[in-house]
Amino acid sequence: MRRPFYIKQLFSTLSLWLLYQFVSAYNIDSLMTSLGQIPFDDQHKKIEAELVRLRDSNPKDGIELGNYWINVLEGKKETQRVADVILIVANSYYRTGNYALCLQYDQTARNLYRQLGNERGEAIAIRDMGFTYRKMGQNQDAYNYIELSIKTFEKIGDHLELAASYNHMGNLIEDWKNDLVLAEALYRKSIIHAEKENNKQSISYSYEFIGVLKRKQGENDSAVIYLNKSLEIRKELDLKFPMVLSYAHLAEVMDKKGNLIEAKNYYNKALEISLAINYHDYTKFIYGNLSKIHQKRGNLDSAITYLELQKELQDSLFNLQKTKEFAEIKAKYEDELKEEKIRTLNNQIELDEQKNRNRIYLFTTIIAILGAIVLIGIIIAIVIYNKNQRMANKEKINQERLRNKMIIEAEEKERTRIAKDLHDSLGQMLAALKMNLNSLSSANGNGQFEKTTKILDDTITEMRSISHAMMPESLIKNGLAKALIDISNHVDTQHTKVNVQVENWKGWSRTGEYVLYRVVQELLNNTLKHAHAQKVTIELNQFDDEINLIYEDDGKGFNLDESKSDGIGLKNMINRITSINGHIEFDSKSGSGFTAIISIPLKQEKL
């Protein structure tokens, strides 16, 4: 049985070799000849599409074509398109493992985008640099670059790129700090932004990352659910290479669960697609894992066969690479001979044109100096104007935040005063009244005395409840974490269960804790009045540089756009969080529950 199976797989490998040989013989002149009869804009679209294809299937040829096209675009002064192509070439260098050139190209693209005033393009280049630093093990640099891209995308409101950046940040946190809880929160943030743009491809990556994370946590059933969600989207969009990743991850989960037959089936599906798209490195990886699966099942002949296939593919690719390098050296030598002949001819022409160039040079220099003076003046004027605009905007934001902060502090003081007056003045008067009533006797046995005493007890209880709500004693004495647990115990009913989870809480400023407490109160009131929820979850986390609070209920949800335009409650919450330099984000749809995510930097800006 071993020999026919081996021959079949060997035939597949030889077919792959022939196809690779055909693709490797990449001819830029032939491509440009075929495109020469169409308009330049259409040429660029087709070449950019070809560059993306080569980046995924044959990145070395993509680098060759990309550098050629960059020179063409530079000659036509197409700076925006130059920057776009440089980004694709940088990604091709990344896939060949040349991270130094990848960073160099990304930095060049970043500089060009900055010259063009293209904040989105610059942020994409910055994020790609962060991704490369992560691959190089420079995690702090990776974190700084990805975080900077997130801030830019939030500023310009680009949900599509925010989704990608949150996925990258989740990957980094998962690998670097092994903080699986924070990583999952970042992946879920990515899904929220991707859904706003209906970007299914980005959502598929988030589901894949959550599935792999669940596998690490030992939650294999959950891992299968998320990986299948990712796979269904990729099948719908016909995303070949991502489908290979989904099948391979599912195979790993099945292997971990001990279901070797399912693991083998998933690896075979991954292998079929990987062979079809010529992704040789991943094909070698799958051959190796299939060998391990067959070894575990006791199929030693099949295990050996896959190891032999893996070695043959590796040897074939090595020989192909050497053959291609030899061809490149030969072509380079022939090109140098041609260039030498051209240089000789050009030298003769250069001598004839030298006099004309000298006259033109003087005139051009004068024009250039005048133009440079005018340009410098314009740039200085723009810089001064932009600086004044930024200062004015910053001052306006600071004034608004200061106003909100003063209102909240005044509200807190007034609540404290009223609560104190209720407790110290009215409370003492009611207590004295009860003592006087208790000193009286009911000689005629009339029940009116007992009724009056009960009404007075109810009044005292209600007064204490109002006083506690206006300035809860738990918040003052024990801080925010204990106060949230107390309010959850108070709200927890037969119909609505409230779960509070607190991690790494070290305490914060009294004003900040007061603001968060009031916002949670407002959220709970809205849930109890309108949502008909059965479960409410409140997560409070304190990290090195940020406080994070996530509020979720499983109620009936609502139209968020209508509530933002008509409702006062959401605006009040936004103003409260803004007053302490924080950010609050809501997510809800009719019938799908409600989520609020609050992020507050611990390093507060001075007003």
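Structure's up top.
Attention here is on the structure that accompanies the text. (Residues numbered from 1 in each chain as written. Predicted model: local features only at pLDDT ≥ 70, side-chain atom pairs only at ≥ 80, totals over all residues. Heavy atoms only, no water.)

### Points about the overall build of the chain
How we decide: Secondary structure elements are defined from DSSP: runs of H or I of at least 4 residues count as helices, runs of E of at least 2 residues count as strands, and each element is numbered from the N terminus. Under the scheme applied here, a residue whose accessible area is under 20% of the maximum for its type counts as buried, over 50% as exposed, and between as partly exposed, the area being computed with a 1.4 Å probe on protein chains only. Working rule for contacts: check all heavy atoms of both residues, and any pair within 4.5 Å makes them a contact. All accessible-area figures derive from a Shrake-Rupley calculation using a 1.4 Å probe, and residue coverage is judged against the displayed protein chains alone.
A tally of helices and strands in the chain yields 22 helices and five strands. When burial is assessed residue by residue, the chain has 40% of its 607 residues classed as buried. Considering only contacts within the chain whose residues lie at least 6 apart along the sequence, 62% involve residues at least 24 apart. Accessible area of the chain: about 34800 Å², with a carbon and sulfur share of 55%.

### Side note on unusual backbone geometry
Although it is not a glycine, Asp238 adopts a positive phi angle of roughly 55°. Along the polypeptide, Asp238 turns up in the loop between α12 (220-237) and α13 (240-257). Classification of Asp238 as partly exposed rests on a relative accessible area of 45%. For Asn581, which is not glycine, the phi torsion reads 65° and is therefore positive. On the secondary structure map, Asn581 appears in the loop between α22 (568-579) and β4 (583-588). Looking at Asn581, the relative accessible area reads 18%, which means it is buried.

### Digging into the environment of Phe209
Within the secondary structure, Phe209 sits in helix α11 (residues 200-216). Classification of Phe209 as buried rests on a relative accessible area of 17%. Sequence-wise, Phe209 and Glu174 are 35 residues apart; in three dimensions their C-alpha atoms are separated by 9.8 Å. Residues within four places of Phe209 in sequence aside, it is in contact with Asn167, Asn171 and Tyr187.

### Some remarks on the environment of Leu227
As for its placement among the helices and strands, Leu227 is situated in helix α12. The residues contacting Leu227, other than those within four sequence positions of it, are Glu208, Gly211, Val212, His249, Leu250 and Val253.

### Focus on the pattern of salt bridges
Where charged atoms of side chains with opposite charge meet at close range, the side chains can pair. Threshold: Within this document, salt bridges are pairs made up of a side-chain nitrogen of Lys or Arg and a carboxyl oxygen of Asp or Glu, the two lying within 4 Å of each other.
For the coordinates displayed, the defined rule picks out 23 salt bridges. With a closest N to O distance of 2.5 Å, Glu252 and Arg215 form a salt bridge. With Glu252 in helix α13 and Arg215 in helix α11, this pair connects stretches of sequence that are 37 residues apart. A relative accessible area of 22% means that Glu252 is categorised as partly exposed. Note that Asp238 is salt-bridged to Lys240, the shortest N-O span being 3.0 Å.

### A short note on the pairing of β4
As a reminder, the rule being used: Only strands joined by at least two bridges in the DSSP assignment are considered to pair.
Bridging between β4 and strand β5 (residues 594-601) involves six bridges; their strand directions are antiparallel. When the sheet's bridge partners are listed, His583 is paired in β5 with Ser599. Hairpin connection of β4 to β5: five residues between the antiparallel strands, including Gly591 at a positive phi of 85°.

### Some words on the packing of α12 against α13
What counts is decided by this rule: Helix axes are fitted only over the stretch in contact, all axes being lines through C-alpha atoms; the angle between N-to-C directions runs from 0 to 180 degrees. Roughly parallel covers angles under 35 degrees, roughly antiparallel covers those over 145, roughly perpendicular covers 65 to 115, and oblique covers all other angles. By the definition used in this description, the sense in which the near helix is turned from the far one sets the handedness, with an anticlockwise turn below a right angle giving left-handed and a clockwise turn giving right-handed. Lys, Arg, Asp and Glu make up the charged group, whereas Ala, Val, Leu, Ile, Met, Phe, Trp, Tyr, Cys and Pro make up the nonpolar group; the residues left over, Gly among them, are polar.
At a minimum axis distance of 9 Å, the contact between α12 and α13 shows a crossing angle of 160°. Taken together, the axes of α12 and α13 are roughly antiparallel relative to one another. Here α12 and α13 pass one another in a crossing that is left-handed. Where α12 approaches α13, its residues Asn220, Asp221, Ala223, Val224, Leu227, Asn228, Ser230, Leu231, Arg234 and Lys235 are matched on the opposing element by Pro242, Met243, Leu245, Ser246, Tyr247, His249, Leu250, Val253, Met254, Lys256 and Lys257. Looking at the contact of α12 with α13 residue by residue, the class counts come to eleven nonpolar, five polar and five charged.

### Regarding a nonpolar patch on the surface
What counts here: The residues that make up patches have over 30% relative accessible area and no salt bridge, and they are joined within 9 Å when like-charged or within 5 Å when they are Val, Leu, Ile, Met, Phe, Trp or Tyr.
Taken together, the side chains of Leu362, Phe363, Ile366, Ile367, Ile369, Leu370 and Ile373 present a nonpolar region at the surface, about 740 Å² in accessible area. In this structure, Leu370 sits in helix α16 (residues 300-439).

### Looking at helix α6 (residues 99-116)
Formally: By definition here, a helix of n residues has an expected span of 1.5 Å times n minus one.
For α6, built from 18 residues, the straight-helix expectation of 26 Å at 1.5 Å per residue is met to within 8% by its first-to-last C-alpha distance of 26 Å. Among all positions of α6, only Cys102, Leu103, Tyr105, Asp106, Ala109, Arg110, Leu112 and Tyr113 are buried. Of the residues flanking the end of α6, it is Gly117, one or two places downstream, whose phi is positive at about 75°.

### A short note on the pairing of strand β2 (residues 535-542)
Within β2, six of the eight residues are buried, which leaves the element mostly enclosed by the surrounding structure. Across seven bridges, strand β1 (residues 497-503) lies against β2 in parallel orientation. Among the inter-strand pairings, Val500 is bridged to a residue of β2, identified as Ile538. Two strands pair when backbone bridges link them, and β2 and strand β3 (residues 546-553) are joined in this way by seven bridges, in the antiparallel orientation. Each bridged residue has a counterpart across the sheet, and for Glu539 the counterpart in β3 is Ile550. The turn linking β2 back onto β3 is made up of three residues.

### Some details on the packing of α13 against helix α15 (residues 280-296)
Here α13 crosses α15 at 20°, and the two axes come no closer than 12 Å. Judged by the inter-axis angle, α13 sits roughly parallel to α15. Taken as a pair, α13 and α15 cross one another with a handedness that is left-handed. Contact with α13, carried on its side by Phe241, Val244, Leu245, Ala248, Glu252 and Asp255, involves Tyr282, Phe285, Ile286, Ile293 and Lys296 of α15 and no other residues of that element. When grouped by side-chain class, the residues that make up the contact of α13 with α15 number eight nonpolar, no polar and three charged.

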